[in-house]
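Chain and residue survey
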Amino acid sequence: QVQLVESGGGLVQPGGSLRLSCAASGSGSIFSFSIYRMIWYRQAPGKQRELVAHITSGGSTNYADSVKGRFTISRDNAKNTLHLQMNNLKPEDTAVYYCNAARIGTAISYWGQGTQVTVSS
């Protein structure tokens, strides 16, 4: 079992920045963060959950077109931590952001509880 805890959300004005973090831990005696692909999703009110950014264990990244050039996903395998640096935020970025860990080669994945990001003046 993997536990994911997001943090860093909040209220920010348009054009501002936020950095989200996701701390991962495992219930077993040996937990290997590096065997998980890590993904940030978001869900705005009344909309479906959408993929924001994805990073492989080796650090390859992929982004939704709507956030390319503004958001940066990163991971620290030594600290079992995932980050999402969000710059030039727009009102349409307002959503609950979720961290997801997908175990490589399986259909197993885990979700965090989400953190609210609100972009408003």
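Located above this text is the structure these notes cover.
Calculation notes
- Within any chain, residue numbers begin from 1 and follow the written order of that chain's sequence.
- Per-residue local features are limited, in this predicted model, to residues with pLDDT of at least 70; the limit for side-chain atom pairs, both in listing and counting, is 80 or more; totals at the level of whole chains, interfaces and linings are taken over all residues.
- As a rule here, side-chain values cover all heavy atoms of the structure and leave hydrogens and water aside.
- The criterion for a disulfide is a pair of cysteine sulfur atoms lying within 2.5 Å.
- Per the convention used, a helix needs a DSSP run of H or I reaching at least four residues, while a strand needs a run of E reaching at least two, with both numbered from the N terminus.
- Burial classes follow relative accessibility: with a 1.4 Å probe on protein chains only, a residue under 20% of its type's maximum area counts as buried, one over 50% as exposed, and anything between as partly exposed.
- A pairing counts as a salt bridge when a side-chain nitrogen of Lys or Arg comes within 4 Å of a carboxyl oxygen of Asp or Glu.
- Note on terminology: a nonpolar core comprises buried Ala, Val, Leu, Ile, Met, Phe, Trp, Tyr and Cys residues joined through side-chain atoms within 4.5 Å.
- By definition, residues are in contact when any of their heavy atoms lie within 4.5 Å.

**Topic: the state of the cysteines**
Tallied over the entire structure, the rule returns 1 disulfide. Each disulfide pairs two cysteine sulfurs, and for Cys22 the partner residue is Cys99, the sulfurs being separated by 2.1 Å. Of note, the bridge from Cys22 to Cys99 carries an S-S torsion of about -75 degrees and is left-handed in sense. Of this pair, Cys22 sits in strand E3 (residues 18-26) while Cys99 sits in strand E9 (residues 95-103); the two residues are 77 residues apart in sequence, bridging distant segments of the chain. In this pair, the class of Cys22 matches that of Cys99, namely buried.

**Describing the pattern of salt bridges**
By the definition in use, this model includes 4 salt bridges. For Glu50, the salt bridge goes to Arg42, with nearest N and O atoms at 2.6 Å. A relative accessible area of 35% places Glu50 in the partly exposed class. Exposure remark for Arg42: the relative accessible area of 6% places this residue in the buried category. Asp65 is the salt-bridge partner of Lys68, the closest N and O atoms lying 3.2 Å from each other. The class for Asp65 is exposed, based on a relative accessible area of 66%.

**Some thoughts on the nonpolar core**
Counting residues in hydrophobic clusters, the biggest one holds 31 residues, and the most contacted among them are Leu4, Met38, Trp40, Leu84, Met86 and Tyr97. Broken down by secondary-structure element, the contributors of at least two residues to this core are strand E1 (2-7), E3, strand E4 (36-43), strand E5 (50-55), strand E7 (71-76), strand E8 (81-86), E9 and strand E11 (115-119). Among all residues touching Leu4, those that are not within four sequence positions of it are Cys22, Ala23, Ala24, Met38, Cys99, Asn100, Ala101, Tyr110, Trp111, Gly112 and Gln113.

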